[in-house]
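Coordinate inspection notes
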Amino acid sequence: MITTDITIESADEATLPALLSLLAASGLPPEGLSDHLPTALIARDHDQVIGSAALELYGSSALLRSVAVAPAYQGQGLGQQLTRAAIDLAQQRGVTDLYLLTETAGAFFPKFGFSPIDRADVPTQVKESLEFTTLCPDSALVMAASVPAK
Ligand SMILES: CC(C)(COP(=O)(O)OP(=O)(O)OC[C@H]1O[C@@H](n2cnc3c(N)ncnc32)[C@H](O)[C@@H]1OP(=O)(O)O)[C@@H](O)C(=O)NCCC(=O)NCCS
């Protein structure tokens, strides 16, 4: 079980270095994340950053990225909690369509309404994001989900 000491909160400049370390350790790209700090979430256990999930907002669309949980904390529901928190944030921001790219966790996201789509069906603004243009190889799975209106 996750202890009550774990909190989910917004990332900021102070927590960015630890967030980037978590991404590196998780094999996820760091590029571009610092441009989206206001919509980046972290899970903290006291002063340790142990999880993350972030949104890149592009109008009514958003890219869900950087979903990661430190190995010692995996398998306790934290990844799902972070994903739900990011989807809630998307809903608060008026996002109607969420997209993500993944090479390793395609089976993690369907429970949140994500299903695979063709890259061609991704809106231009999302497709022009750093993650799409430079970071994730063409072989990465693209998934999309609708966000119900708040
Ligand atoms: C994916 C990840 C965030 C899951 O975090 P977690 O805290 O272990 O997940 P939870 O405990 O909330 O959820 C566990 C469930 O997810 C499933 N799951 C965990 N990692 C998975 C993966 N890589 N692929 C498919 N399913 C996965 C588990 O089998 C379990 O399923 P169940 O509830 O049906 O038993 C974590 O494994 C991770 O950080 N991976 C490396 C980074 C990554 O690949 N991120 C996704 C791309 S952005």
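The present account deals with the structure reproduced in this document. (Residues numbered from 1 in each chain as written. Predicted model: local features only at pLDDT ≥ 70, side-chain atom pairs only at ≥ 80, totals over all residues. Heavy atoms only, no water.)

A few words now on the overall build of the chain. From N to C terminus, the chain includes four helices and seven strands. Relative to its length of 150 residues, the chain is compact, with a C-alpha radius of gyration of 14 Å against a globular reference of 15 Å. Taken over the C-alpha atoms alone, the chain extends approximately 40 × 30 × 30 Å along its principal axes. Across the chain, every contact between residues at least 6 apart in sequence was considered, and the portion connecting residues at least 24 apart equals 69%. Working note: accessible area of the chain is about 7500 Å², and carbon and sulfur atoms make up 51% of it. Averaging the positions of the 8 positive and the 17 negative side-chain charges in the chain gives two centres separated by 6 Å. (Helix = DSSP H or I, 4+ residues; strand = E, 2+ residues; numbered from the N terminus. Rg over C-alpha atoms; globule rule 2.2 N^0.38 Å. Contact = heavy atoms within 4.5 Å. Areas by Shrake-Rupley, 256 points an atom, 1.4 Å probe, with all protein chains shown as cover. Lys, Arg positive; Asp, Glu negative; His and termini not counted. Charge placed at Lys NZ, Arg CZ, Asp CG, Glu CD.)

By the definition in use, this model includes three salt bridges. The salt bridge partner of Glu131 is Arg65, with a shortest N-O separation of 4.0 Å. Highlighted residues: Glu131 in helix α4 (residues 130-135) and Arg65 in strand β4 (residues 61-69), separated in sequence by 66 residues. The same class applies to Glu131 as to Arg65, namely buried. Linked by salt bridges that have partners in common, Glu56, Arg65 and Glu131 make up one network. (Salt bridge = Lys/Arg side-chain N within 4 Å of Asp/Glu carboxyl O. Buried < 20%, exposed > 50% of the residue type's maximum accessible area, 1.4 Å probe, protein only.)

Here we come to the packing of aromatic side chains. Taken as a whole and judged by the stated rule, the model has three aromatic pairs. For the pair Phe108 and Phe109, a centre-to-centre distance of 5.1 Å together with 85° between the ring planes defines the contact as edge-to-face. In this structure Phe109 comes out as buried when scored by relative accessible area, which is 6%. In this structure an aromatic cluster arises from ring pairing among Phe108, Phe109, Phe112 and Phe114. (Phe/Tyr/Trp six-rings, centres within 6.5 Å; stacked < 30°, edge-to-face > 60°.)

The next point concerns the nonpolar core. In this structure, Leu19, Leu55, Leu64, Leu78, Leu98 and Phe114 are the most contacted members of the largest nonpolar core, which totals 38 residues. Mapped onto this core, the elements with two or more residues apiece are α1 (16-26), β2 (40-45), β3 (48-58), β4, α2 (78-92), β5 (97-102) and β7 (141-146). Counting residues per element, this core draws most heavily on α2, at six residues. Residues in contact with Leu19, not counting those within four places in the same chain, are Ala11, Leu33, Ala40, Ile42, Val49 and Ser52. Membership of the second largest hydrophobic core comes to eleven residues, among which are Tyr58, Leu101, Val122 and Cys136. (Core = buried A, V, L, I, M, F, W, Y, C linked by side-chain atoms within 4.5 Å.)

Okay, the environment of Ser115 next. Relative to the helices and strands, Ser115 resides in strand β6 (residues 115-116). Every residue in contact with Ser115, bar those within four places of it in the chain, is listed here: Val142, Met143 and Ala144.

Moving on: the side chain of His36. Within the secondary structure, His36 sits in the loop between α1 and β2. Beyond its immediate chain neighbours, meaning those up to four positions away, His36 contacts Leu55, Glu56, Leu57 and Tyr58.

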